[in-house]
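# Examination of the molecular architecture
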Amino acid sequence: MEFSGESVLVTGANRGIGRAIALLLAGYSHKGGQRLKVWINYRNRHEEADALKVEIEKLGGRVALIKFDVTSEEQFVEGIKTIVASDGGLSYLVNNAGIVLDKLAVRMKTEEFRHVLETNLTSVFVGCREALKVMSKQRFGSVVNIASVIAERGNMGQTNYAASKGGMVAMSKSFAYEGALRNVRFNCITPGFIDTDMTALGEDVKESYLKNIPLARLGQPAEVAGAVAFLLSDLSSYITGETLKVNGGLYM
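Residues numbered from 1 in each chain as written. Predicted model: local features only at pLDDT ≥ 70, side-chain atom pairs only at ≥ 80, totals over all residues. Heavy atoms only, no water.

Summed over all chains, the structure comprises 12 salt bridges. As a salt-bridge pair, Asp87 and Lys37 come within 3.0 Å of each other at their nearest N and O atoms. Here Asp87, found in helix H3 (residues 73-87), pairs with Lys37, found in strand S2 (residues 37-42); they are 50 residues apart in sequence, far enough to count as distant. Here Asp87 falls in the partly exposed class, since its relative accessible area comes to 28%. By relative accessible area, which is 15% here, Lys37 ends up buried. Arg217 is paired through a salt bridge with Glu223; the nearest N and O atoms lie 2.7 Å apart. (Salt bridge = Lys/Arg side-chain N within 4 Å of Asp/Glu carboxyl O. Helix = DSSP H or I, 4+ residues; strand = E, 2+ residues; numbered from the N terminus. Buried < 20%, exposed > 50% of the residue type's maximum accessible area, 1.4 Å probe, protein only.)

Attention shifts here to the sheet that holds S2. Overall, parallel pairing links the 7 strands, which are arranged S3-S2-S1-S4-S5-S6-S7 in an open sheet. Of all strands in the sheet, those with a lone pairing partner are strand S3 (62-67) and strand S7 (243-246), marking the two edges. Strand after strand, the sheet turns through a mean of 20 degrees between neighbouring axes, direction not considered. As paired elements, strand S5 (residues 141-146) and strand S6 (residues 184-191) share 6 bridges and run parallel to each other. In the strand pairing of S6, Asn145 is matched with Cys188. The strands touched by helix H6 (residues 159-180) within the sheet are S5, S6 and S7, with S6 carrying the most contacts at an inclination of about 160 degrees. (Pairing = 2+ DSSP bridges. Axes fitted to C-alpha atoms, helices over the stretch in contact; angles between N-to-C directions. Contact = heavy atoms within 4.5 Å.)

Residues given the UniProt feature "domain: Ketoreductase" (unreviewed entry) here are residues 6-196. Secondary structure within residues 6-196 divides into 49% helix and 18% strand; the distance between the first and last C-alpha atoms comes to 29 Å. (UniProt positions renumbered as here; feature names shortened; annotations may be inferred.)

Quick look at H3 now. Helix length check: H3, at 15 residues, gives a terminal C-alpha distance of 21 Å against a target of 21 Å (1.5 Å per residue), a fit within 8%. Among the residues of H3, those classed as buried are Phe76, Val77, Gly79, Ile80 and Ile83. Along the axis of H3, the buried positions cluster into a sector of 155 degrees, meaning they face one direction only. Pointing more than 90 degrees away from the buried face of H3 are the exposed residues Glu74 and Ala85. Packed against the buried residues of H3 are strand S1 (7-10), S2, S3, strand S4 (92-95) and helix H4 (110-138). (Expected span 1.5 Å × (residues − 1). Arc of directions from axis to C-beta.)

Here it is in structure tokens:
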């Protein structure tokens, strides 16, 4: 895959899907010949972020750590400013950071609903907005937002999560319209059930889900990472406002 840009920020990159995305992207080179520079965002668990940095460097990649909480507008804005000051711009953004706080709707408190929306949706708005400001000046850029199959099919006990991820998909389409004027693309990926610590399923629950997945297995973080790389790359230069399903056929 070819990449015209030089740097990418991946939020929540110290573990799970974010880690796989950062690791894969660090192996690609941009048209200038150098490897993409990957900015690994994390909020806590510094040891995991540092270990990923060391792993990427051993493979010959270019990498930097940047600590901020995506739910803090001020920190997110300052984080992107730091990257631009260092690299002269920002080519790509992957909004991956997110949380789950599952509970049946009748037992869910309003603050629990709002907390998930603030983390999963409002933070992505801030990231997209700030990236669009930078990328518009460059007349180039690509953003991928990590949503979820739950945005498309819903799920018991996840009204807050479904609302946050569904809102992300709809919001990305509007950003795509605005970004197109400046050659900035916005797309979403809706992963299905991916084998990470965020998808902690008991064996009985896991078996019941597998019955509904045509490929009859959980997805791997690297499979989501491959889809992200495609949507960021020049191979997808005529794709914007799209939602790419990576769910094993769970929702078609």
